[in-house]
Structures are given as structure tokens and as C-alpha cells.
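Residues per chain, in single letters:
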Amino acid sequence: MRSMCLKRDPNAPCFPSEEDKQDFEKRRDVSSLRERLAQAKISNPNRNSWRPLFMQVGGLIHRLSDLKVRAKRVEYFERVDHLRALGQSTIPSAAINTPFSARALQLGCCSACIYWGISASAGSTKHQQSRVSYLKSTLFGTSLERESL
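Keep in mind that what you see is a predicted model, and the values were worked out from it rather than measured. (Residues numbered from 1 in each chain as written. Predicted model: local features only at pLDDT ≥ 70, side-chain atom pairs only at ≥ 80, totals over all residues. Heavy atoms only, no water.)

## Quick word on the overall build of the protein chain
Right, so step 1: Helix and strand content of the protein chain: 8 helices and 0 strands.
Right, so step 2: Restricting the contact set of the protein chain to residue pairs at least 6 apart, pairs at least 24 apart contribute 62%.
Right, so step 3: In the structure as shown, the protein chain presents an accessible area of about 10600 Å², 55% of it carried by carbon and sulfur atoms. (Helix = DSSP H or I, 4+ residues; strand = E, 2+ residues; numbered from the N terminus. Contact = heavy atoms within 4.5 Å. Areas by Shrake-Rupley, 256 points an atom, 1.4 Å probe, with all protein chains shown as cover.)

Structure (C-alpha cells):
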């Protein structure tokens, strides 16, 4: 799995956007479950009484996120495959114009691995280990010494 993550397209969508998450919360099924959960917490503060509703909301959001990401990936790869067939660049123009775009593309290959809890192993190169360290410090706010790539 780790090698698959390191070879993936760094621009492919892996997570739902904040806008997608807000859209999920606007759905009637999610909002009604949230209301029922709030009422259950008020009526009985015992966690065991409202935990099934809490898990149901979390499961629904997780399924909606998964479906949205799958749809975005299908759309993305159809577009990118078409661009590759035409011999055009697949890097978004906004990424090309930013000063750190090359570094962002290098580091992007590890983001899914960190999300799924896969870390750099002893067999990893120094570059892979430093990318994972950098991404962990960026994503989770831990201060690590800057390592040179």
C-alpha cells in the first residue's frame, strides 16, 4: 500500500472539500439526525443512550464523503487522461504559478499515506522520510526541525 501511495497522482482528489462538507450538513437526513442526537443528549446525558445516533451520523458523513471523493476522482482522471492524450500538461495553472509548486508536488505523494496512518519505514529513502516528517509537521502542527530535501 505504501508504494501505491508514493506513486499516485499528487493532484488527484483524496478528501472532500470544505464546501462538500457544508453541503452534507445541509442535507435533510444529516440535519434530522443531528437534531435527534442533540435531543437525545439533552434528555439523557448517558453516552450509551445517544452513542448509536452519534455513530449513525458519523457513518453517514463518511459514506457521503467517500461517494463525493470517488465521483471527483472519476471526473479528475477522465479530464487528466484526455489532457495526456492531447500531450498537454496536467498540472493546474494555479500550481504552476506558485513559488512552491514543485515542492508541493513532491510532498503531495505522501499525504494519503499519512491520512491512512502509513509512515516512512526503515526501508524508505531519506527523501521519503523527510517528506513524511514535513507533512506531519504541516498537517498536525508539530514543530520538527527543517530537513533538507
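So that's the structure; there's more coming.
## Focus on the nonpolar core
Right, so step 1: Counting 11 residues, the largest nonpolar core consists of Phe-24, Val-30, Leu-33, Leu-37, Ala-40, Trp-50, Leu-53, Val-57, Leu-60, Ile-61 and Leu-64.
Right, so step 2: If you list the elements that add at least two residues to this core, you get helix 3 (28–43) and helix 4 (47–86).
Right, so step 3: In terms of residue count, helix 4 provides more of this core than any other element does, 6 residues in total.
Right, so step 4: Ignoring anything within four residues of it in the chain, the contact list for Leu-60 reads Asp-29, Val-30 and Leu-33. (Core = buried A, V, L, I, M, F, W, Y, C linked by side-chain atoms within 4.5 Å. Buried < 20%, exposed > 50% of the residue type's maximum accessible area, 1.4 Å probe, protein only.)

## Quick word on the packing of aromatic side chains
Right, so step 1: The full count for this structure, using the stated rule, is 2 aromatic pairs.
Right, so step 2: Judged by centre distance (6.2 Å) and plane angle (80°), the rings of Trp-50 and Phe-54 are edge-to-face. Here the residue Trp-50 and the residue Phe-54 both occupy positions in helix 4, the gap between them amounting to 4 residues, near one helical turn.
Right, so step 3: Owing to a relative accessible area of 39%, Phe-54 belongs among the partly exposed residues under this scheme.
Right, so step 4: Taken together, a centroid distance of 5.1 Å and an interplanar angle of 80° make the contact between Tyr-76 and Phe-77 edge-to-face.
Right, so step 5: Assessed through its relative accessible area of 26%, Phe-77 is described here as partly exposed. (Phe/Tyr/Trp six-rings, centres within 6.5 Å; stacked < 30°, edge-to-face > 60°.)

## With respect to the pattern of salt bridges
Two side chains with opposite charge may pair up if their charged atoms get near one another.
Right, so step 1: In total, this model carries 6 salt bridges according to the counting rule given.
Right, so step 2: The salt bridge partner of Glu-18 is Lys-21, with a shortest N-O separation of 3.6 Å. With Glu-18 and Lys-21 both in helix 2 (residues 18–26) and 3 residues apart, the pair spans about one turn of that helix. (Salt bridge = Lys/Arg side-chain N within 4 Å of Asp/Glu carboxyl O.)

## Remarks on the environment of Phe-77
Right, so step 1: Following the sequence through the fold, Phe-77 ends up in helix 4.
Right, so step 2: A sequence separation of 68 residues divides Phe-77 from Asp-9, and the C-alpha atoms of the two residues are 9.5 Å apart.
Right, so step 3: With residues up to four places along the chain from it excluded, the contact list for Phe-77 reads Asp-9 and Ala-12.

## Quick word on the packing of helix 2 against helix 3
Right, so step 1: Two elements in contact, helix 2 and helix 3, have axes whose closest approach is 5 Å; the angle formed by their N-to-C orientations is 70°. Compared by their axis directions, helix 2 and helix 3 come out roughly perpendicular. Counted together, Phe-24, Glu-25 and Lys-26 of helix 2 and Arg-28, Val-30, Ser-31 and Arg-34 of helix 3 form the full contact between these two elements. (Axes fitted to C-alpha atoms, helices over the stretch in contact; angles between N-to-C directions. Parallel < 35°, antiparallel > 145°, perpendicular 65-115°, else oblique.)

## Let's talk about the side chain of Asp-20
Right, so step 1: Structurally, the position occupied by Asp-20 is in helix 2.
Right, so step 2: Every residue in contact with Asp-20, bar those within four places of it in the chain, is listed here: Lys-68 and Lys-72.

## Comments concerning helix 3
Right, so step 1: A rise of 1.5 Å per residue sets the reference length of helix 3, with its 16 residues, at 22 Å; its end C-alpha atoms lie 22 Å apart and thus fit the reference within 8%.
Right, so step 2: Elements that come into contact with the buried residues of helix 3 comprise helix 2 and helix 4. (Expected span 1.5 Å × (residues − 1).)

## Quick look at the confidence of the model for the protein chain
Right, so step 1: Put simply, the protein chain has an average pLDDT of 76, and 58% of its residues get 70 or more.
Right, so step 2: For residues 97–103, every residue scores under 50 in pLDDT, and the model assigns this stretch 4 contacts once sequence neighbours within four places are set aside.
Right, so step 3: Segment residues 143–149: pLDDT under 50, and 11 contacts once partners within four positions in sequence are set aside and those in other chains are kept. (pLDDT = per-residue confidence, 0-100.)

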